[in-house]
Amino acid sequence: MLSNRIKQEDVEKLLKVLKKTLSTYIKFPEKGCSELFEVKSIEGNEVFKINIYRGNVNRFKYNIGALISKDSIPHMVRSFFISR
């Protein structure tokens, strides 16, 4: 019987490649700082602002938020924390 599961070591390799790829395109902030940049939707009709904040106490903790403006008012679309 074939399994659709992948090995843990393959998952870790994939995550390392993704992290390396992201760090090539995104400037992650220094400890206690944030970076704000704009991205366009695939259709190109919406522009989002992405804010990445790096924790001041735990340098491995990040808060990433996506914002979209409607009528010049920014709205939070999604926010989440990541930690290594």
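Coordinates for the structure precede this section.
Conventions and cut-offs
- Residues numbered from 1 in each chain as written.
- Predicted model: local features only at pLDDT ≥ 70, side-chain atom pairs only at ≥ 80, totals over all residues.
- Heavy atoms only, no water.
- Helix = DSSP H or I, 4+ residues; strand = E, 2+ residues; numbered from the N terminus.
- Buried < 20%, exposed > 50% of the residue type's maximum accessible area, 1.4 Å probe, protein only.
- Contact = heavy atoms within 4.5 Å.
- Core = buried A, V, L, I, M, F, W, Y, C linked by side-chain atoms within 4.5 Å.

Q: Please clarify how the overall build of the chain should be interpreted in this entry.
A: Summing up its helical and strand segments, the chain has 1 helix and 4 strands in all. Beginning at the N terminus, the succession of helices and strands in the chain can be written as α-β-β-β-β. Buried positions account for 14% of the 84 residues belonging to the chain. For the chain, contacts bridging at least 24 residues in sequence account for 16% of all contacts bridging at least 6.

Q: Which parts of the structure should I look at to understand the nonpolar core?
A: Membership of the largest hydrophobic core is limited to 6 residues, which are I26, I50, I52, Y62, I64 and A66. Residue assignment for this core shows that the elements contributing at least two residues are β2 (47-54) and β3 (61-70). With 3 residues, β3 is the largest single contributor of residues to this core. Those residues in contact with I26 that sit more than four places away from it in its chain are F37 and I52.

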